[in-house]
Amino acid sequence: MDCLKAVREYILSLIEKSGKDQIKTMILDAETTKIVSMAFSQSDLLKHEVYLFERLDGNVRSNMSQVVAIVFVRPTQENFGLLIKELRSPAYKFVFLNCCGFKYL
């Protein structure tokens, strides 16, 4: 099994499920940032309308009510706490959550 191919297909499926013809951002944690950067170049992701990349543990978010967010993080206690904080006042139009195998919408 080609692990890199499997990772690419998985991330592309997340992107496709979030819709076409929409500006997207990916919200990642430290580990998933490494995974995404290993599997894709930034120009590859731009072709799929992913224009922004943010860290879940980042403190400042601009209000981007026209942007769809794809959250791809590990299911850790810390990440769930940060997600709860994020979802209390979302900065995005829609948020698609995927915690490395646990899917929410």
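Up top you'll find the structure we're talking about.
Residues numbered from 1 in each chain as written. Predicted model: local features only at pLDDT ≥ 70, side-chain atom pairs only at ≥ 80, totals over all residues. Heavy atoms only, no water.

Some words on the side chain of Lys-24
With respect to the helices and strands, the residue Lys-24 is situated in strand E1 (residues 24-28). Overall, the relative accessible area of 1% leaves Lys-24 in the buried class. In this structure the side chain of Lys-24 is engaged in a polar contact, spanning 3.2 Å, whose partner is the backbone oxygen of Gln-22. The contact partners of Lys-24, leaving out residues within four places of it in the chain, are Ile-15, Ser-18, Gly-19, His-48, Glu-49, Val-50, Tyr-51, Leu-52, Val-67, Val-68 and Ile-70. (Helix = DSSP H or I, 4+ residues; strand = E, 2+ residues; numbered from the N terminus. Buried < 20%, exposed > 50% of the residue type's maximum accessible area, 1.4 Å probe, protein only. Polar contact = N/O pair within 3.5 Å; in protein donor to acceptor, adjacent residues only side chain to side chain. Contact = heavy atoms within 4.5 Å.)

Remarks on the pattern of salt bridges
Applying the stated criterion across every chain, the model contains five salt bridges. Note that Asp-44 and Arg-8 form a salt bridge whose closest N and O atoms lie 3.9 Å from each other. Of the two residues, Asp-44 sits in helix H3 (residues 42-46) while Arg-8 sits in helix H1 (residues 3-17), which places them 36 residues apart along the sequence. Note that Glu-49 is salt-bridged to Lys-24, the shortest N-O span being 2.9 Å. Residue Glu-49 is found in the loop between H3 and strand E2 (50-55), and its partner Lys-24 is found in strand E1; the two are separated by 25 residues along the sequence. The exposure classification of Glu-49 matches that of Lys-24, with both residues buried. (Salt bridge = Lys/Arg side-chain N within 4 Å of Asp/Glu carboxyl O.)

A word on the packing of H1 against helix H2 (residues 30-39)
Running from amino to carboxyl end, H1 crosses H2 at an angle of 105°, the nearest separation of the two axes being 9 Å. What the angle tells us is that H1 and H2 run roughly perpendicular. Residues Leu-4, Val-7, Arg-8 and Ile-11 of H1 form the contact with H2, whose own contacting residues are Ile-35, Val-36, Met-38 and Ala-39. Along the lines of polarity and charge, the residues of the contact of H1 with H2 split into seven nonpolar, no polar and one charged. (Axes fitted to C-alpha atoms, helices over the stretch in contact; angles between N-to-C directions. Parallel < 35°, antiparallel > 145°, perpendicular 65-115°, else oblique. Nonpolar A, V, L, I, M, F, W, Y, C, P; charged D, E, K, R; others polar.)

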